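Single-letter residue listing:
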Amino acid sequence: MNISNIILITLAIITALGFAFFQYLFKNKNKRREIYILFALRFLSVFILLLLLINLKITSTTYELEKSNLILAIDDSESIAHLEQEDTVPKILEKLKSNKALQERFELTQYNFGNELSNSNKPQFKTSQTNINAALESLKELYRKKATAVILISDGNQSTGRDFRYFKPGNNQEIYPIVVGDTTRYSDLELTQFNVNTYAFLNNRFPVEALISYSGEEQIDSEFVIKSGENIIFSEKISLNSDNNSAVIRAELPASRLGVLSYEAEIIPLENEKNKANNSKKFAVEVIDERSKILLISAAPHPDIGTFKKSIETNKQRQLDIKYLQDNLSNLENYQLVILYQPTSGFATIFDDLKENNQNYLLVTGTQTDWNFLNRIQGFVAKDFTNQSQEIFAVKNSNFNQFQFGETGFSEFPPLEDKFGNISIQNNSFESIYFQKIENVETSQPLIAIAGKGQNKNAFIFGENLWRWRSNTFLEHKSFEKFDDFIGKLVQNIASTQQRERLTVDYNSFYYENEAVKITANFFDQNYQFDPNANLVISAENAVENLESQLVLRNNGYEVVLGNLPAGNYDFTITETTSQISRSGSFEVIAYNIEQQFISANKNAMEALAENSGTRVYYKDELQEISNALLSNDKYKPVQKSRQKIVPLVDWYYLLFLLVLILTAEWFFRKYKGLI
């Protein structure tokens, strides 16, 4: 209590005494006993009232012993039972909990974990997956502010999540692993990872890459093979040992036919290998045909013709043939696209053949075009023209979305030329890529446009001298790439060659029962450029279960995880809700327990975890050693902490009660004596 409080209490006593003295004793000659009682009661009531008005603060200090945390993290997965350790773990747990020295030093808490951490006392060893790293991360977060020792009781076999051997505990935490199960190392070959592209082009070769790992001491020889059905289409021998225990194998396989090609990659098992489930992996590749054969027909030579050939054939999958009206034009059906350059009346039979064959075309007009003929022969556009020529600049249509292309700069380029006149659109499916700008006036008339839907499309370019645009592209960018890319995408969009689906789905033909069923998809616009704004939904069903879910955009693709489904055959359909484009498939969930694929405890991983924590690995017969290590660690000594509690006197309710009691006693005493 400080000096100011003592002074205030002294003044309160003097004031209370003075008040009571002047009221009952000063100049009072009849000092009977009841006067002194009233004097005392009045002194107490005034003194207590003054104390409450002063509102002194009373400080109380308490001391307590704070123990460090000792967490018992128990592996509750099926692999413990599979390794026949379901009786060993409870015995270890009981011995640790009954250790008096540990109880006095630590606050003991038990957690069980499988795929996630749970606060449960009795492990059941029925969790279908093990994520040791996730359990340790959760404990690290829960006890980050207090010194904590974690005893991890596990076989070290993790079936999902990040590799726990690289886990780094917090600064105030240490992990003491206890390994249970057979720690004998058996020789094992594993196809750890397999990389392959989803698509390949016809008559090309596509790369595959396999990562092989080996655990064992002896030198071994094996063979990596890739099978198509029963036929081996690739093989390579490998030799591994304890030092050189991994190999990367790369191969190129032929895409010899269209469609989905299924394969199986396998590393031939060793004679004494116990776990052969990780030796093989199935995969599939969809082979697509992007080759296009294109014909350009013209009545006369023009620099634009060479421009089209150079631009289109920058894609090695495309070939452009050039013919004139006097050439043999009887085989139009052999081409996926026909370019009609400045048609005249001599093109009449060509238009008839294109209509009969239902073939797509790209029509380019200019100053030599016979618009009287064009107005009669096709029903997409008509032009009210004169023989005077006009210059036409380009204005990009910001609402065009059939396919995506980069900024071309066409709006800043020299003008194209065509006959003067207004173009009227005769077809509702007409969509402009660029509009015309004439004499600095932007119009809604098309300059470059597409008409039609699906596989039946035609394109129009209303102006000649495209060679100027390609040349200007090179002057601006030192490359023809932007111009060639636009022409290539325009040709790709309207060419009637067989193209891959706009909605593609990637999934496995089978999944294991304890494996999350993940299906990925890609949705492309009409020019087969990835569309990040699609809305994809999936519905899946089997004989007893129906599922519906939304695919989410992730890593430049769409993905859905259906979770761990029961064993059975499932049919599914993925639909893009805006375009109603859908793709169906089926897969099988095979009864398989990944936790039962382990043949021994993973001692190496537990040792790596202990090394990261600055401890060592212990075994079931070393419980006393782990107890001694914990008790001898000064980091976990109990800490005495003091707590100060400051309470204002006005919060002492019993003091107020005492004041009321004294005033009440004084009133009754005065009443009893007849003084009131």
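Residues numbered from 1 in each chain as written. Predicted model: local features only at pLDDT ≥ 70, side-chain atom pairs only at ≥ 80, totals over all residues. Heavy atoms only, no water.

1. Considering the overall build of the protein
Counting its regular elements, the protein contains 14 helices and 34 strands. The C-alpha radius of gyration of the protein comes to 44 Å, more than 25% above the 26 Å expected for a compact globule of 676 residues. Taking all 676 residues of the protein together, 45% fall into the buried category. Expressed as a percentage of contacts within the protein between residues at least 6 apart in sequence, the contacts between residues at least 24 apart total 72%. (Helix = DSSP H or I, 4+ residues; strand = E, 2+ residues; numbered from the N terminus. Rg over C-alpha atoms; globule rule 2.2 N^0.38 Å. Buried < 20%, exposed > 50% of the residue type's maximum accessible area, 1.4 Å probe, protein only. Contact = heavy atoms within 4.5 Å.)

2. Here we look at the nonpolar core
Considering soluble globular proteins, one finds that nonpolar side chains tend to be buried as a cluster. Counting residues in hydrophobic clusters, the biggest one holds 35 residues, and the most contacted among them are Phe308, Ile433 and Trp469. Considering every element that reaches this core, the biggest residue donor is helix H11 (residues 481-494), with six residues. Excluding residues within four positions of it along the chain, Trp469 makes contact with Ala394, Phe410, Phe413, Pro414, Leu416, Leu447, Ile448 and Phe483. (Core = buried A, V, L, I, M, F, W, Y, C linked by side-chain atoms within 4.5 Å.)

3. Looking at helix H14 (residues 653-672)
Under the 1.5 Å per step criterion, the end-to-end length of H14 is 29 Å for 20 residues, consistent within 8% with the ideal 28 Å. Residues Leu655, Leu659, Ile662, Glu666 and Phe669 constitute the buried set of H14. The arc that holds every buried residue of H14, seen down its axis, measures 100°, which confines them to one face. Those residues of H14 that are exposed and angled more than 90 degrees off the buried face are Tyr653, Tyr654, Phe657, Phe668 and Tyr672. Lining the buried residues of H14 we find helix H1 (3-24) and helix H2 (33-54). Downstream of H14 by a residue or two, Gly674 has a phi angle that is positive, lying close to 75°. (Expected span 1.5 Å × (residues − 1). Arc of directions from axis to C-beta.)

4. Topic: the pattern of salt bridges
One pass over the structure, following the stated rule, counts 13 salt bridges. The closest approach of N and O atoms between Glu209 and Arg250, which form a salt bridge, is 3.0 Å. Within this pair, whereas Glu209 is found in strand E9 (residues 205-215), its partner Arg250 is found in strand E12 (residues 246-254), the two being separated by 41 residues in sequence. The closest approach of N and O atoms between Lys237 and Glu223, which form a salt bridge, is 3.9 Å. Here the residue Lys237 occupies a position in strand E11 (residues 231-240), and Glu223 occupies one in strand E10 (residues 220-228), the gap between them amounting to 14 residues. A relative accessible area of 65% places Lys237 in the exposed class. (Salt bridge = Lys/Arg side-chain N within 4 Å of Asp/Glu carboxyl O.)

5. What to know about the packing of H2 against H14
Each pair of packed helices can be summarised by the angle the axes make with each other and by the distance between the axes. In contact at an axis separation of 9 Å, H2 and H14 are set at 155° when each is read in the N-to-C sense. Comparing the axis directions of H2 and H14 gives the class roughly antiparallel. With respect to the hand of their crossing, H2 and H14 are arranged in left-handed fashion. Contacts between H2 and H14 involve Glu34, Ile37, Leu38, Leu41, Arg42, Leu44, Ser45, Ile48, Leu49 and Leu52 on the former and, on the latter, Leu655, Leu656, Leu658, Leu659, Ile662, Leu663, Ala665, Glu666, Phe669 and Arg670. (Axes fitted to C-alpha atoms, helices over the stretch in contact; angles between N-to-C directions. Parallel < 35°, antiparallel > 145°, perpendicular 65-115°, else oblique. Left-handed = near helix turned anticlockwise from the far one by under 90°.)

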